[in-house]
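Single-letter residue listing:
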Amino acid sequence: MKLAFLGPLYARQGPYACAYVDTSRDLDDPDRAIDLRRRRLESELARQGADMATVGAVVEAVGTDRSLPGRHGQAVFAAHGRLALTEELPVPPARDSARLTLLPDAMPLALQHAPDIPYTAAAVHRFTWPGGAPSGELEADLQAGRWPTARVAPGGRVRRRVPAEEWRQAAAEVAEQLAGLAERTGAEVVVLSGDHWARNTLARDLPKPLRDRTVGIDSDGWNAQPERALLEDELDYLFRGRLSAHDQSGVDRFLARRARRSGAVEGLAATVTALRRGQAEAVLINDPFDLEQRLWVGLAPKQVGCTREELTSLGISSCWEEPADAALIRAIVGTGAELIVVPGDELPLPDGLGALLRYTG
């Protein structure tokens with residue numbers, strides 16, 4: 001998984017005010033609930049010494065996702081009175097948090113992007129008028145996204161409605177649209193749902209390479225909420241516990257190199273060394289990741305070590321301690337490495353960490 005979206009967090013030095021907050025709207029009075037959460041965050045950041053302008057930037061951003069229905073959250077980062085990054089979270093945090101820290105607390109946000117599977121989805125159903133009267137038409141909705149962030153940031157939805165008797169001809173045009181969408185977004189899975197005859201007709205008109213990546217499910221997508229992913233619940237079930245093809249390839253290479261004892265390392269110390277040397281092509285992290293240890297860091301992303309001496313021996317005099325997860329994610333982003341999130345029960349790693357190396361020696 002590439003982490004370029006976190007780049008804006010490291011464009012300037014801290015301190016950063018970082019907030020993770022539940023902004024769900026599946027409540028009787030969501031605005032009141034979010035306002036209470038906003039006040040608690042404001043009070044906590046002020047208590048930690050954040051300046052008023054920075055606190056204000058965070059507070060103003062919380063709840064700006066009011067058009068998004070259902071359960072979700074927000075991650076908000078600000079520094080020096082300016083907003084640095086705001087992202088919607090597919091799953092709200094277990095509890096709200098607010099921290100003032102020199103390094104952004106970005107690991108929870110990165111983990112919510114995994115497994116980052118690109119897909120396209122199509123739902124074809126027999127259209128009925130409000131009240132349940134049949135119309136004799138078929139309606140097809142198409143959408144692309146990356147799972148799981150598509151829950152709260154889906155791509156635009158394309159809709160086509162045609163008389164049912166014309167579907168054989170229309171399906172070829174819809175299939176062309178769907179194939180184009182899949183090609184533009186690099187979809188590795190195409191999910192078709194709805195009326196069996198209609199979706200099977202559509203599948204037959206897809207190019208063969210795309211048919212080989214097609215999955216049919218029994219759902220019409222009719223109840224999909226605006227601003228949420230088409231077939232959200234079905235996609236959650238389909239992709240649960242699955243890695244993207246790109247990340248699975250990285251895991252396979254890691255296992256092969258580990259078996260040869262060359263080109264892969266495990267554990268906190270070895271992973272930190274690989275990041276400091278710019279060797280890490282990808283860092284593997286177990287989910288859940290709950291490493292409590294702190295690391296020493298300098299001003300540059302590559303300046304990271306398990307001890308102060310590791311940095312001072314390199315002539316780095318300005319260094320301090322930070323939580324391991326914040327230090328690691330900055331080093332991963334700053335060195336252009338990728339992040340692969342692997343369930344801990346499938347591939348347990350010492351300290352929950354490993355790295356696939358660009359080079360050895």
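Note that this is a predicted model, so its numbers are computed, not measured.

Structural notes on the overall build of the protein
And step 1. Counting its secondary structure elements, the protein contains 11 helices and 16 strands.
And step 2. Referenced to the eigenvectors of the C-alpha coordinate spread, the extents of the protein come out at roughly 75 × 55 × 30 Å.
And step 3. Among the 361 residues that make up the protein, the fraction classed as buried is 52%.
And step 4. Partitioning the intrachain contacts of the protein with sequence separation of at least 6 by distance along the chain shows that 73% fall at a separation of at least 24.
And step 5. For the protein, the accessible surface area stands at approximately 16700 Å², while carbon and sulfur atoms represent 49% of it.
And step 6. Averaging the locations of the 43 positively and 51 negatively charged side chains of the protein gives two centres separated by 4 Å.

A few points about the packing of aromatic side chains
Given two aromatic rings, their pairing is described by the distance between the two centres and the angle made by the two planes.
And step 1. In the structure shown here, the tally under the stated rule is three aromatic pairs.
And step 2. Seen in terms of ring centroids, Tyr-20 and Phe-77 are 6.0 Å apart; in terms of plane orientation they differ by 90 degrees. Their pairing is edge-to-face. One end of the pair, Tyr-20, is in strand 1 (residues 16-22); the other, Phe-77, is in strand 2 (residues 73-79), and 57 residues separate them in sequence.
And step 3. Ring geometry for Trp-147 and Phe-239: centres 6.2 Å apart, planes at 50 degrees, overall tilted. With Trp-147 in strand 6 (residues 134-147) and Phe-239 in helix 7 (residues 232-239), the pair connects residues that are 92 residues apart, well separated along the chain. Comparing Trp-147 with Phe-239, the two get one shared label, buried.
And step 4. The structure contains a cluster of three or more aromatic residues connected by ring pairs, namely Tyr-119, Trp-147 and Phe-239.

Describing the pattern of salt bridges
And step 1. Here the structure, examined in full by the defined rule, presents 23 salt bridges.
And step 2. Close ionic contact of Asp-35 with Arg-38 constitutes a salt bridge, the shortest N to O distance being 3.0 Å. Highlighted residues: Asp-35 and Arg-38, both in helix 1 (residues 30-47), separated by three residues, approximately one helical turn.
And step 3. You can call Arg-38 buried: its relative accessible area is 17%.
And step 4. Notably, a salt bridge pairs Asp-236 with Arg-240, separated by 2.7 Å at the nearest N-O pair.
And step 5. Here the salt bridges do not stand alone but share partners, grouping Arg-151, Arg-228, Glu-232, Asp-236 and Arg-240 into one network.

Points about unusual backbone geometry
And step 1. Note that the residue after Gly-14, namely Pro-15, is joined by a cis bond; omega there is 10 degrees.
And step 2. Secondary-structure assignment places Pro-15 in the segment before strand 1.
And step 3. In this structure, Pro-148 follows Trp-147 across a cis peptide bond, with omega equal to 15 degrees.
And step 4. You can see Pro-148 is positioned in the loop between strand 6 and strand 7 (158-163).
And step 5. Residue Asp-116 is not a glycine yet carries a positive backbone phi of 55 degrees.
And step 6. Looking at the secondary structure, you find Asp-116 in the loop between helix 3 (107-113) and strand 5 (117-128).
And step 7. Although it is not a glycine, Leu-231 adopts a positive phi angle of roughly 60 degrees.
And step 8. With respect to the element layout, Leu-231 can be found in the loop between strand 9 (214-217) and helix 7.

Some remarks on the domain arrangement of the protein
And step 1. Per the domain assignment, the segments making up the protein are domain 1 (4-103), domain 2 (117-239) and domain 3 (245-357).
And step 2. Taking only C-alpha atoms, the centre of domain 2 and the centre of domain 3 are 39 Å apart.

Thoughts on the nonpolar core
And step 1. Among the nonpolar cores identified, the biggest contains 47 residues, and Leu-3, Leu-6, Phe-77 and Leu-328 are the most heavily contacted of them.
And step 2. Of the residues forming this core, the biggest block, eight residues, is contributed by helix 11 (residues 324-334).
And step 3. In terms of domain composition, this core takes at least three residues from each of domain 1 (4-103) and domain 3 (245-357).
And step 4. Beyond its immediate stretch of four places on either side in the chain, Leu-3 contacts Ala-110, Ile-329, Ile-332, Val-333 and Leu-339.
And step 5. Grouped together as the second largest cluster of nonpolar side chains are 25 residues, Ala-122, Leu-138, Val-162 and Ala-182 included.

Criteria and cut-off values
- Every chain begins its residue count from 1, and numbering advances along the sequence as written.
- Reporting of local features is limited, given that this is a predicted model, to residues whose pLDDT is at least 70; pairs of side-chain atoms are given and counted only at 80 or more, and all residues count toward the totals for whole chains, interfaces and linings.
- Only heavy atoms go into the side-chain values, all of them from the structure, while hydrogens and water stay out.
- A run of H or I in DSSP counts as a helix once it spans at least four residues, and a run of E counts as a strand once it spans at least two, with each numbered from the N terminus.
- Using a 1.4 Å probe on the protein chains alone, a residue whose accessible area is under 20% of its type maximum counts as buried, one over 50% counts as exposed, and one in between counts as partly exposed.
- Any pair of residues with heavy atoms lying within 4.5 Å of one another is described as a contacting pair.
- Each accessible area is a Shrake-Rupley estimate made with a 1.4 Å probe; only the visible protein chains count as cover when residues are assessed.
- The sign given to each residue is positive for Lys and Arg and negative for Asp and Glu; His and the chain ends receive no count.
- Each charge is placed at NZ for Lys, CZ for Arg, CG for Asp and CD for Glu.
- Put simply, two rings from Phe, Tyr or Trp (the six-membered ring, in Trp's case) pair if the centres are within 6.5 Å, and we call them stacked under 30 degrees between planes, edge-to-face over 60, tilted for the rest.
- Salt bridge, as used here: a side-chain nitrogen of Lys or Arg that lies within 4 Å of a carboxyl oxygen of Asp or Glu.
- Domain ranges listed in this record stem from an automatic or a database domain assignment.
- Put simply, a nonpolar core is a bunch of buried Ala, Val, Leu, Ile, Met, Phe, Trp, Tyr and Cys residues held in one set by side-chain atoms that sit within 4.5 Å of each other.

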